[in-house]
Amino acid sequence: MAYESDLALRLVPYTAGEQPKDRQFIKLNTNENPYPPSPKVAEAIEGLCDSLRLYPDMEATQLREAIAQVNGVEPEMVFCGNGSDEVLAFAFAAFFAGKRLLTPDVTYSFYPVYANLFGVEHEAVPLKADFTVDVEGMMQGCPMALANPNAPTGIELPQSEIRRMAQHARDNGAVLLVDEAYAAFAQETAVPLLKEFDNVLIVRTFSKSHALAGMRVGYAMGSQRLIDALRRIRDSFNSYPLDRLAQAAATASMLDVDYTAKTVALVVAARDRAFARLQESGIEVLKSATNFLFVKAGEDAAPVQKALREEGILVRHFGSPRLKSWLRVTIGTTEDMEKVTDALIRHIKGE
Ligand code: PMP
């Protein structure tokens, strides 16, 4: 007999990117925003200290209203959690536990971990040779989950393709989960589909476009039926996943639409400039609809990652056979991206 449960012994946890403590890096390894959150956030959390003796609003009413208003949905169609990781975990428990689930093979690597945790029979459908999602291959009469735009490729699937998957899932009585962590940097979103499909769950985060990774706030949008199921899972786990500071900060940030648009535009411009410069230098890089670029850096990209680290630049490398030639480079400030692009060209081209 072991102290640990079989579950604890069998889990293979997710590995997050490095969070250095001892040295200043240009930190481009975990897709954080290089700009600070909206100045309205500081105003919103100032003076809340005394109220911390009371539990927070478990339904995050103000935040849900703000999210609903900005996205053009009803507050009853919104669910908030402690980072989108938690919302995703609840969704796996609510819609996929005990079922067969299809995801692309290259996607957010937390999905197989949740599948394992919640007893989901997970099947990974290989991306096509051009790194796009194999939509036909995904449609096998089961629930489906994918990140759109995808990570770490950065490629966006058009809304028409998401619609096809939603239809197929509904015909088979299944949920389609669309993780839109990076949608603010993309062309399209699946939100308009929510009017038509009661089986589509969209998951979003404040960690990227809203520069609040340190606050841990994520949300889901979907039909009341799906939101009710998420609530049942939450209330079987932790009634108060979002504290008072997080709710106030995220509400202020969501409502400051102009600030978000401005900082997202800066990131998108820096991304497109870095993309163009890398391509002009003959480096293979995927067209990105996110706040990162997926860049080919030799047969094995590990030495380039190491060389960049020695220069004070952190980027992410995934060791799996399909991805080992590539680096995922988060988009930093306009200024930093010039330096980082120079360094990438120098190390990849060996110049
Ligand atoms: N989904 C995707 C596709 C991501 O890349 C991330 C960031 N690691 C998340 C969800 C989780 O974001 P958070 O928990 O910070 O909201």
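Given the structure is predicted, the values throughout are model-derived calculations rather than measurements.

Calculation rules
Residues numbered from 1 in each chain as written. Predicted model: local features only at pLDDT ≥ 70, side-chain atom pairs only at ≥ 80, totals over all residues. Heavy atoms only, no water. Helix = DSSP H or I, 4+ residues; strand = E, 2+ residues; numbered from the N terminus. Rg over C-alpha atoms; globule rule 2.2 N^0.38 Å. Areas by Shrake-Rupley, 256 points an atom, 1.4 Å probe, with all protein chains shown as cover. Lys, Arg positive; Asp, Glu negative; His and termini not counted. Charge placed at Lys NZ, Arg CZ, Asp CG, Glu CD. Core = buried A, V, L, I, M, F, W, Y, C linked by side-chain atoms within 4.5 Å. Buried < 20%, exposed > 50% of the residue type's maximum accessible area, 1.4 Å probe, protein only. Domains from an automatic or database assignment. Contact = heavy atoms within 4.5 Å. Polar contact = N/O pair within 3.5 Å; in protein donor to acceptor, adjacent residues only side chain to side chain. Near = heavy atom within 4 Å. Nonpolar A, V, L, I, M, F, W, Y, C, P; charged D, E, K, R; others polar. Salt bridge = Lys/Arg side-chain N within 4 Å of Asp/Glu carboxyl O.

Asks: Is there a simple way to explain the overall build of the chain in this structure?
Replies: Each helix and strand in the chain was counted, giving 12 helices and 11 strands. The C-alpha radius of gyration computed for the chain amounts to 20 Å, which stays within 12% of the reference 20 Å derived for 351 residues, consistent with globular compactness. Principal axes of the C-alpha set define a box for the chain whose edges measure 55 × 50 × 50 Å. Accessible surface, the chain: about 16,000 Å² in total, of which carbon and sulfur atoms supply 52%. Positive and negative side-chain charges of the chain, numbering 37 and 46 respectively, have mean locations separated by a distance of 1 Å.

Asks: What should I look at first to understand the nonpolar core in this one?
Replies: In summary, soluble globular proteins display a tendency toward joint burial of nonpolar side chains. Among the nonpolar cores identified, the biggest contains 54 residues, and Leu63, Ile67, Met165, Leu176, Phe206 and Met221 are the most heavily contacted of them. Looking at this core, you find at least three residues from each of domain 1 (17-36 + 258-349) and domain 2 (39-255). In this structure phenylalanine 206 touches Leu63, Ile67, Ala211, Leu212, Ala213, Val217, Tyr219, Ala250, Ser253 and Met254, once residues within four positions along its chain are discounted. Counting residues in each nonpolar core, the second largest holds 33 residues, with Ile26, Tyr259, Phe275 and Val329 among its members.

Asks: Explain the side chain of aspartate 179 here, please?
Replies: Mapping aspartate 179 onto the fold places it in strand 6 (residues 176-179). Here tyrosine 111 takes part through its side chain, which lies 2.7 Å from a polar atom of the side chain of aspartate 179.

Asks: Sorry if this is basic, but what is going on with the site of the ligand here?
Replies: By nearness alone, every residue bordering the ligand is listed as Gly83, Ser84, Asp85, Leu88, Tyr108, Asp179, Ala181, Tyr182, Thr205, Ser207, Lys208 and Arg216. Within the backbone of aspartate 85, an N or O atom sits 3.0 Å from an oxygen atom of the ligand. Side-chain polar atom of tyrosine 108 to a nitrogen atom of the ligand: 3.2 Å apart, as the coordinates give it. Expressed as a share of its isolated accessible area of 410 Å², the protein-covered part of the ligand is 91%. Here the shell around the ligand gets four residues from one element, more than from any other, and that element is helix 4 (residues 83-96). The residue inventory of the shell around the ligand, partitioned by class, reads four nonpolar, four polar and four charged.

Asks: What is the right way to look at the pattern of salt bridges in this model?
Replies: Pairing is possible between side chains of opposite charge, provided their charged atoms come close. For the structure on display, the rule yields 21 salt bridges. A salt bridge links arginine 234 to glutamate 59; the shortest N-O distance between them is 3.0 Å. Note that arginine 234 is positioned in helix 8 (residues 224-234) and glutamate 59 in the loop between helix 2 (39-45) and helix 3 (61-71), a separation of 175 residues in sequence. By relative accessible area, arginine 234 is classed as buried at 2%. The salt bridge partner of arginine 277 is glutamate 338, with a shortest N-O separation of 3.2 Å. Note that arginine 277 is positioned in helix 10 (residues 257-280) and glutamate 338 in helix 12 (residues 334-349), a separation of 61 residues in sequence. Using a relative accessible area of 27% as the deciding quantity, one classes glutamate 338 as partly exposed. Among the ionic contacts, a cluster of salt bridges with common partners joins Glu59, Asp228, Arg231, Arg234 and Asp235.

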